Amino acid sequence: MPEQDQPIFEARLWRDKGWTAKVIKNDDDEGWAVAMLKDGEPEPALVGPWTMGRDKKNPKPLDANAFGTLVKTASEVIRRHEQQLHALLHKNLLISTDEADYKIMLDIVPDDDDPYAYLSACDADGAELAKVKVAANYKLDRKNALRWIENEFRRPD
């Protein structure tokens, strides 16, 4: 087992099951903070205040219950961030016309140099009818979706 995968259970540093909790001095005041870092990530998923010990000077030591709670909280922060990012990058509308019902989707590809998106349409059974590349800032709304359908799914200008 590589050294960085070895569990650590110290008063101010716990590492186990893909997470590291590190109690650090809070630069903003006299207190302490805890940073939760998921293995392989460059930035902490969570940084929050940490409880003072009984001497009111040093931090309370980490323990199994606190570590478990911190892992659960940090995992939830990551999950919410991923959901928010997904909602920003993937949008869809349901459009009904006299001819058919459509699901129109916009999937943004956030490339640093050249972001773009795919505009696609599926029928009521989920079969893909069309897929075109569009600008990342393409506005998916009811008006544009209907116009795209009326133009037989040709790439919008």
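This text goes with the structure placed above it.
Calculation criteria
Here the residue numbers are simple positions, counted from 1 along each chain's written sequence. Given that this is a predicted model, residues contribute local features only at a pLDDT of at least 70 and side-chain atom pairs are listed and counted only at 80 or more, while totals for whole chains, interfaces and linings are drawn from all residues. Side-chain calculation: all heavy atoms of the structure are included, whereas hydrogens and water are not. Note on terminology: a nonpolar core comprises buried Ala, Val, Leu, Ile, Met, Phe, Trp, Tyr and Cys residues joined through side-chain atoms within 4.5 Å. Working definition: with a 1.4 Å probe on protein chains only, accessible area under 20% of the residue-type maximum means buried, over 50% means exposed, and in between means partly exposed. Strands are runs of DSSP state E lasting at least two residues, helices are runs of H or I lasting at least four, and both sets are numbered from the N terminus onward. Contacts: residue pairs with any heavy atoms within 4.5 Å of one another. Note on patches: the residues involved have over 30% relative accessible area and no salt bridge, like charges join within 9 Å, and the nonpolar side chains Val, Leu, Ile, Met, Phe, Trp and Tyr join within 5 Å. Accessible areas in this description were obtained via Shrake-Rupley with a 1.4 Å probe; residue shielding takes into account the shown protein chains only. For this document, the term salt bridge refers to a Lys or Arg side-chain nitrogen within 4 Å of an Asp or Glu carboxyl oxygen. In this count, Lys and Arg are taken as positive residues and Asp and Glu as negative ones, while His and the chain termini are left out. Throughout, a charge is located at the NZ atom of Lys, the CZ atom of Arg, the CG atom of Asp or the CD atom of Glu.

Grouped together as the largest cluster of nonpolar side chains are 18 residues, with contacts concentrated most on Ile104, Leu106, Leu119, Val134, Trp148 and Phe153. Looking at this core, the elements that each hand over two or more residues are strand S7 (101–109), strand S8 (116–123), strand S9 (128–135) and helix H2 (142–150). It is S7 that provides the largest number of residues to this core, a total of four residues. Beyond its immediate chain neighbours, meaning those up to four positions away, Leu106 contacts Leu89, His90, Lys91, Ala117, Tyr118, Leu119, Val134, Tyr138 and Leu140. Membership of the second largest hydrophobic core comes to 15 residues, among which are Trp14, Trp32, Ala66 and Leu70.

The next subject is a negative patch on the surface. A cluster of acidic side chains, namely Asp27, Asp28, Asp29 and Glu30, defines a negative patch on the protein surface. By relative accessible area, which is 68% here, Glu30 ends up exposed.

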